[in-house]
Amino acid sequence: MYCMPFNCESANSYSSSSCWDTAHCVKSNVNFASGNSFAQIADYSGNPADAAFVSQFEPSNAKQANGELEMTLVKQGDGKGFGATVINTRAIQYGTVTAVMKSGSISGGVVSSFIIRNDKVGDEIDFEFVGADKSTVQSNYYWHDQLDYTKMIKSPVLPDTTANYHTYQIVWTPDQIQWAVNGNTFRTVKRADTWNSATNTYSFPDSESYVSFSIWDGGSAAKGTSDWAGGAIQWGQAPFVMGVKSLTIDCFFNGNETTYKPPKAAVTESAEESASATKSAS
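Residues numbered from 1 in each chain as written. Predicted model: local features only at pLDDT ≥ 70, side-chain atom pairs only at ≥ 80, totals over all residues. Heavy atoms only, no water.

(A) Expanded view of the packing of aromatic side chains. Following the criterion strictly, the structure yields 16 aromatic pairs and no others. Where tyrosine 141 meets tryptophan 179, the ring centres are 6.5 Å apart and the plane angle is 40°; that geometry is what we call tilted. Linking tyrosine 141 in strand S11 (residues 133-142) with tryptophan 179 in strand S14 (residues 176-181), this pair joins segments that are 38 residues apart in sequence. Across the pair, tryptophan 179 and tyrosine 141 agree in class, each one buried. A network of ring pairs unites the aromatic residues Phe32, Phe53, Phe114, Phe127, Phe129, Tyr168, Phe186 and Phe213 as a single cluster. Here the guanidinium or amino end of arginine 187 rests over the ring plane of tryptophan 179, the centre of that ring lying 4.7 Å away. One cation-aromatic arrangement involves arginine 191 over tyrosine 202; the distance from NZ or CZ to the ring centre is 4.0 Å. (Phe/Tyr/Trp six-rings, centres within 6.5 Å; stacked < 30°, edge-to-face > 60°. Helix = DSSP H or I, 4+ residues; strand = E, 2+ residues; numbered from the N terminus. Buried < 20%, exposed > 50% of the residue type's maximum accessible area, 1.4 Å probe, protein only. Lys NZ or Arg CZ within 6 Å of the ring centre and 35° of its normal.)

Printed below as a string of structure tokens:
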């Protein structure tokens, strides 16, 4: 179950073929109220047709319930919070991603996120919700894990993001990124404006990435992150539940789907075991 591309490291595996092939973007409409939209990671076979999203942690604090995907942040024995992350089973490189959701950040320290990210490269485009401010959402982007904290742009004022569902959208093309809420674009970053003359590169996220949702404890992190998140979590305000009703993905490159293939290593090992058993019997 840990052979999937978004968390498999072929260099550290028993075989270079242990990691399953990446399933690429297809146009999709995910409704978390029904169907096979979500699976626990232990139940996922690696076939994206079986589930659009999987939990990334065990034990899992994510489930389909009450007509949505629910992710909960719970208090552990050490007083810190343990949340949830769910990740799309297909990767995307440019496109429009639209989510209808509400934040679970009703207390300072609780962070809810809607993200497009490549963990291996460190590219990311996101919406971040913090409990210190329930009337806006922050927009950020990273290039190779580099973030300019002076450019964390907030949306215009919204009705309470924890009590109301809003439509959040990221439009990502080779030339620019746009963030919108309820159909209103409030931020645009152009690739041409990210040129870094010192390194002769554009600091613009451009690697194939995965859409994910998460809720996590920012209040227990290092001081800079904790201050940004709104300080220590007030556990008396629990439960902290992030809800996603639906997700729409429109791929920039149409038709770039890859057919699912079973793990090559599993097939090879099975054949070797069979051959070994035959030799032993003879």
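(B) Seen up close, the pairing of S11. For S11, the tally of buried residues reaches eight of 10 residues, placing the bulk of the element in the interior. One ladder, built from six bridges, connects strand S10 (residues 123-130) with S11; its direction is antiparallel. The residue bridging glutamate 124 from the neighbouring strand is tyrosine 142, located in S11. One ladder, built from two bridges, connects S11 with strand S12 (residues 153-154); its direction is antiparallel. In the sheet register, serine 139 faces S12, and the bridge partner there is isoleucine 153. (Pairing = 2+ DSSP bridges.)

(C) Fine view of the pairing of S10. Across the eight residues of S10, eight count as buried, placing the element largely inside the fold. Residues Asp123, Ile125, Phe127 and Phe129 point to one face of S10 and Glu124, Asp126, Glu128 and Val130 to the other, with burial holding for every one of them. Where strand S9 (residues 110-118) and S10 come together, eight bridges link them in antiparallel fashion. Looking at S10, one finds that valine 111 is bridged to valine 130. Between S9 and S10, which pair antiparallel in sequence order, lie four residues; one of them, glycine 122, sits at a positive phi of approximately 95°. Taking the residues that link successive antiparallel strands as the turn, the S10-S11 hairpin has two residues.

(D) Summary view of the confidence of the model for the chain. Summarising the model, the chain shows a mean pLDDT of 87, and 84% of its residues fall at 70 or more. Below pLDDT 50 for its whole length, residues 258-263 participates in 10 contacts with residues either more than four positions away or in separate chains. Scored below 50 in pLDDT, residues 265-282 makes two contacts in the model with residues more than four places away or belonging to other chains. (pLDDT = per-residue confidence, 0-100. Contact = heavy atoms within 4.5 Å.)

(E) Summary view of unusual backbone geometry. In this model, glutamate 58 is joined to proline 59 through a cis peptide bond whose omega is -5°. Relative to the helices and strands, proline 59 resides in the loop between strand S3 (53-55) and strand S4 (62-65). Residue alanine 238 is joined to proline 239 through a cis peptide bond whose omega torsion reads 15°. Residue position: proline 239 is located in the loop between helix H1 (223-229) and strand S19 (240-251). One non-glycine residue with positive phi stands out, namely asparagine 66, at about 55°. Although it is not a glycine, tyrosine 94 adopts a positive phi angle of roughly 75°. As for its position among the elements, tyrosine 94 is in the loop between strand S7 (84-92) and strand S8 (95-102).

(F) Just the nonpolar core, in detail. Within the largest apolar cluster, 46 residues are counted, with the highest numbers of intra-cluster contacts made by Met71, Phe114, Phe127, Phe213 and Leu247. Per-element accounting of this core gives the leading share, six residues, to S19. Each residue touching methionine 71, except ones within four places of it in the same chain, is listed here: Asn61, Ala62, Ala84, Val86, Phe213, Ser214, Ile215, Phe240, Val241, Met242 and Val244. (Core = buried A, V, L, I, M, F, W, Y, C linked by side-chain atoms within 4.5 Å.)

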